[in-house]
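What the coordinates show
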Amino acid sequence: MSDTLNDEDKLGAVLFQVQEDLRKLKYSLEKITTNERGNTLDIQALDAAIGKTESIIRHFFQHKSALTMRLLCNPAHPHNRAILHQKFGISLPDVNKRSLNAGKPQRVPTRSVVSLPAIEPKGRRSLATPEEDMGTDTSFLHASIQPKAASLHPREDSYSSKTGSRSRSNKQLKWEKDPRSTCKGSECTPLCTTKTPPPSASTSEDHEGIMQGTNDLIPKSPQNSPVDVNISKYPFTIIKGQINPLAADFCHFKQSFSLCWSSVLDALEALKKLLRDFAVPLAKVSGECLVEFSHSLGTGWRKAPPVSGLLSVLGNWEEVSELVLRPGRRYKGEGGMEAAAIHIQSCWRRYLARTAYLSHCRNKWAEGIIAVSWLMYSQKIRVRKALQARRVRQLENHRSRAQHLAADWKHIQSSKRTIIHIPSLGYPQRQRRHLRGLDILQNVQIGRLCDIRDENVEVIYVCPRHLGEDILDYYASLLKCDKATNEEDTGSAQASSLSIRRFIILTPEAVDYFPTHNMCLSTLLKYSPRTLKRIRNLIQGKQAYIVGGVAHVDDLAVADELGVPILAPEPAVSEIYSTKSGGRRIFAGAEVDVPPGQGDIYSLNQRWLFKMDSEHGGRGTASCDVCHLSCYKRVLQESHRYGPESGRTEWIQESVLPRYLDEIPEWLSRYAQPVKTSCYSTWACFLETFLRQGGVVEAYPPSDCVTCLTVDLLLKPGGGVTMLSCGDQLHGSCQLEAIGSTVPQTSVQPQTLQSICMRVGQACLQHLIVGYVSVDLATFLNPNTMEQKVWAIDLDLTYSDHLAMTQMLLMMTGGTLNFHTGCLEVPMPYREKGCEHQTAAKPPVVPRYAVIGSHLFHSNLSMLYHNVFLMVCKAHGIGFNMKRKQGTIFAVYDGSERCRMGMIAISEDLQGALVTFARNLSVIHQEISPSNMQGETNFKYLIKEVEDVLQMTVQNKMRAVEDKPASPIY
């Protein structure tokens, strides 16, 4: 085997010499020209032959190097030990002989062996010359074995192709040498001392392990010591990407690394191409760095070497890097025009592809958006159709139950029944959103509890707030019922409940879920399944119906869930006729007097405006005095000229109408003012909302003394109208908002009032309106005829706050309102005992008068708890006398803010009730308001209003003595 290897080495040397001669010949022939026939000698054929020969030689070297590498990497090959000994002078023990003696006892040798140094760190280093390598061979052989104790390994660590431990040893015996090199032993020391960096894609992990193990076997000698990286022993130059093969420095470099030239040549060709591509005029190459770089690439390049690696072998790499990195330098070198064309084409194709891709992405995004939008739209349509179908079903069920309620109304009224009171304010969302304290406004009607004064009635009151124990105790004492608390565990909802014989107070758990959404009570109850279940259990097997508030579509959902009828018109009917325009249509059908004006106004070309359709409580009202019109005096003159009756004719009105129309826009913009500036601060804001919602124009009564009164009616489902309450209104800071009343009313003759109410009630029944209705009237004296006029000014299709307070008044006094006589009749028990014949007779009836304040507000009330407040009032003699049926009663609405309350003052005559009411307000204000903290309140406005009424009653008494027509209270 050694002879074979020597022959191969000799053949390699011959082939190398042939390759070198051919390269010199090629360089010489490139400069030879001939003048035969005036043409240059064609060298291409000869160049092709030379290149083919060089390729064959290169492949031979690569094949030989690969063969040697495979033998070195296979310890089981019989020639492995010989090749390792021939190239590196390392003698390995005979494994086969050692295995035969494995069973015998082994004697540990005592000779010590010198440990072989590891290879130097990776980086630039000077490579030893072949002559120096020859000098290291002898020293290597003499220093290979030294006396040292050798360690023996267990048998399982010996060579075996089946064990993993031996496989790891095999990895350490692999050789780093490039398979294309033909170096032998110490003749390739410059190559062998190079540590390979992390291998490329073609280098395996085993090869890296073998390189590390083989480097440990190479002894360290002075020739292997690193030198200064700036000093190169084998420098040569490349001019314009070409190398002079006859240059002394290049020949010296080539001769020094002739045995591994094949691998160096590939890296050199790549470097030359890089320099030609970038038109580098001069490059100084470090030979040893080039050799190191060539071996770091491994066997078989799969792609071009990195530019940074090629530039690292240059001595003037900074200048060359500056040229290479300069924009556009590539297009000045070899093939620059083609490269520029390719780059331009690639950029253009990339732009087209990028544009097409972005367009595709936009289309895909648009498709996704369209698809998602369509799915959401389809889902919304399905949900909307399902909701519409459910509401249609709920409406049909409501109509069916309403028919049964109308048919059985008389029987229901005379038998035991349960009334479910839901004081919901189902205003439109745009109004509820701006209402402060909506829950307190709904709880103002807590007086509905007093329906239990009928022994056949049980009340379920749905409260919009959680009431504290102090409030529950107060109403338990007020209604003279034994308290029996029934707590219901509703989890986090914490629904409050109070069972007191024949009434119960429930709070929906959704009150805690939606604390800031200003939902009406019907909506909250709809989303409170536990409260609904509790109500179903309470009314099971009983006759029951719902009495709501302002109609809302969720009223039908609650009624359908409970399976009970509603004593109210359909929400659509209520929405039409509860507006200002709808009320005027009802009044027109009832043939009652209404203020001069026009309804259903939605544009400015129809006269002027005052009231919004959908607002309530004076919120959507604006006023403007006609005295500011310049043509007003001319109209009055025309009216006096033709008389009041002739002045109403159309031909006279048409003569002055153009003047009015010309002045009205400027007149309204300058003098019109909203009544409640807290809702609409300016006329422009009011006008915008008015034109969007619609409204009516009405004239204010032509008198300085106007009285407004409220009448509550019950329109029975089976037909018939019943008057429930009536009272003269008391106003606060806003003259069009009622915050109290005096009961009974004393402004209109009872027969006249009853006639108007019956006609309005019948007109409502004709429009399918049933349930509770509130009518607002205005009365005054006609200044021309001094006759009393009564105008119908508003219609509310709901259970009013006035009616709730009147129910509390009747509950506490045990009295009834006689609408034929216009009196509040209260039965008085006999004071003397022992008269048994008088016990069977009815007790005597005495008249009583009451002043009701349903919306009393004082910010300082929050400083006192209700029980403390009642104790303070009791200390000042403010309370109710059950025996005499007179005194003061309070209505408590909430236990948290405690700023609002209701109060009823009852006395034997109207003057006494007014005085009591005003005194109570004054005392309360003084007790809760220090001099430095008066607070916000409407007490002062009410006191002034009561004083005006007292003054008017005194004047009426004087006129009655003088036998003159009395004015209304106001």
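Residues numbered from 1 in each chain as written. Predicted model: local features only at pLDDT ≥ 70, side-chain atom pairs only at ≥ 80, totals over all residues. Heavy atoms only, no water.

**Points about the packing of helix α10 (residues 261–277) against helix α11 (residues 287–296)**
Across the interface, α10 lies against α11 with an axial gap of 8 Å and an inter-helix angle of 100°. Taken together, the axes of α10 and α11 lie roughly perpendicular to each other. Every residue of α11 that contacts α10 at S263, V264, A267 and L268 is listed here: L290, V291, F293, S294 and H295. Looking at the contact of α10 with α11 residue by residue, the class counts come to six nonpolar, three polar and no charged. (Axes fitted to C-alpha atoms, helices over the stretch in contact; angles between N-to-C directions. Helix = DSSP H or I, 4+ residues; strand = E, 2+ residues; numbered from the N terminus. Parallel < 35°, antiparallel > 145°, perpendicular 65-115°, else oblique. Contact = heavy atoms within 4.5 Å. Nonpolar A, V, L, I, M, F, W, Y, C, P; charged D, E, K, R; others polar.)

**Some details on the pattern of salt bridges**
Per the counting criterion, the structure on display carries 17 salt bridges. Here R276 ties to E334 by a salt bridge, and the two come within 3.1 Å at their closest N and O atoms. Of the two residues, R276 is situated in helix α10 and E334 in the loop between α13 (317–325) and α14 (336–407); the sequence distance between them amounts to 58 residues. Residue class for E334 comes out partly exposed when judged on its relative accessible area of 44%. Between D593 and K789 there is a salt bridge whose closest N-O contact spans 3.7 Å. Of the two residues, D593 is situated in the loop between α24 (580–590) and β8 (597–601) and K789 in strand β17 (residues 788–796); the sequence distance between them amounts to 196 residues. Using a relative accessible area of 27% as the deciding quantity, one classes K789 as partly exposed. What emerges from the salt-bridge pattern is a single network uniting K273, D277 and R330. (Salt bridge = Lys/Arg side-chain N within 4 Å of Asp/Glu carboxyl O. Buried < 20%, exposed > 50% of the residue type's maximum accessible area, 1.4 Å probe, protein only.)

**Details of the confidence of the model for the chain**
Overall, the predicted model of the chain reaches an average pLDDT of 77, with 69% of residues at or above 70. With pLDDT under 50 throughout, residues 1–5 is counted as low confidence; its partners more than four residues away or in other chains account for six contacts. The low-confidence segment residues 98–229 (pLDDT under 50) makes 217 contacts with residues lying over four places distant or belonging to another chain. (pLDDT = per-residue confidence, 0-100.)

**Section: the pairing of strand β7 (residues 544–547)**
Because side chains alternate across β7, one face comprises the buried residues A544 and I546, and the other comprises Y545 and V547, equally buried. Relative to β7, strand β3 (residues 417–421) is paired through four bridges, and the arrangement is parallel. Looking at β7, one finds that I419 is bridged to Y545. (Pairing = 2+ DSSP bridges.)

**Considerations on helix α22 (residues 553–562)**
Since one α-helical turn is 3.6 residues long, residues separated by three or four positions face the same way. Of all 10 residues in α22, seven are buried; the element is thus mostly enclosed. Buried residues of α22: D554, D555, L556, A557, V558, A559 and L562, and no others. Looking at the buried side of α22, the elements it contacts are α14, β3, α20 (521–526), α21 (529–539), β7 and α23 (571–577). With its phi angle positive at about 75°, G563 sits one or two positions after the end of α22.

**Describing the pairing of strand β20 (residues 845–857)**
As paired strands, strand β15 (residues 738–743) and β20 are joined by four bridges and run antiparallel to one another. The residue of β20 that forms the bridge with G740 is G853. Pairing between strand β19 (residues 823–827) and β20: four bridges, direction antiparallel. Opposite E825, over in β20, you have P847 as the bridge partner. The pairing of β20 with strand β23 (residues 900–907) spans seven bridges and is antiparallel. By the bridge assignment, I852 is partnered in β23 with I904.

**Notes on the environment of I412**
By the secondary structure assignment, I412 is in helix α15 (residues 409–414). Along the primary structure I412 and N456 are separated by 44 residues, whereas in three dimensions their C-alpha atoms are 9.7 Å apart. When sequence neighbours within four positions are dropped, the list of residues in contact with I412 reads L405, R417, Q543 and Y545.

**Concerning the packing of aromatic side chains**
Evaluation of the coordinates by the stated rule reveals 17 aromatic pairs. Judged by centre distance (5.7 Å) and plane angle (65°), the rings of F253 and W261 are edge-to-face. Considered together, F253 and W261 belong to a single accessibility category, that of buried residues. Ring centres of F869 and F890 lie 5.2 Å apart, and the angle between their planes is 75°; on these two criteria the pair is classed as edge-to-face. (Phe/Tyr/Trp six-rings, centres within 6.5 Å; stacked < 30°, edge-to-face > 60°.)

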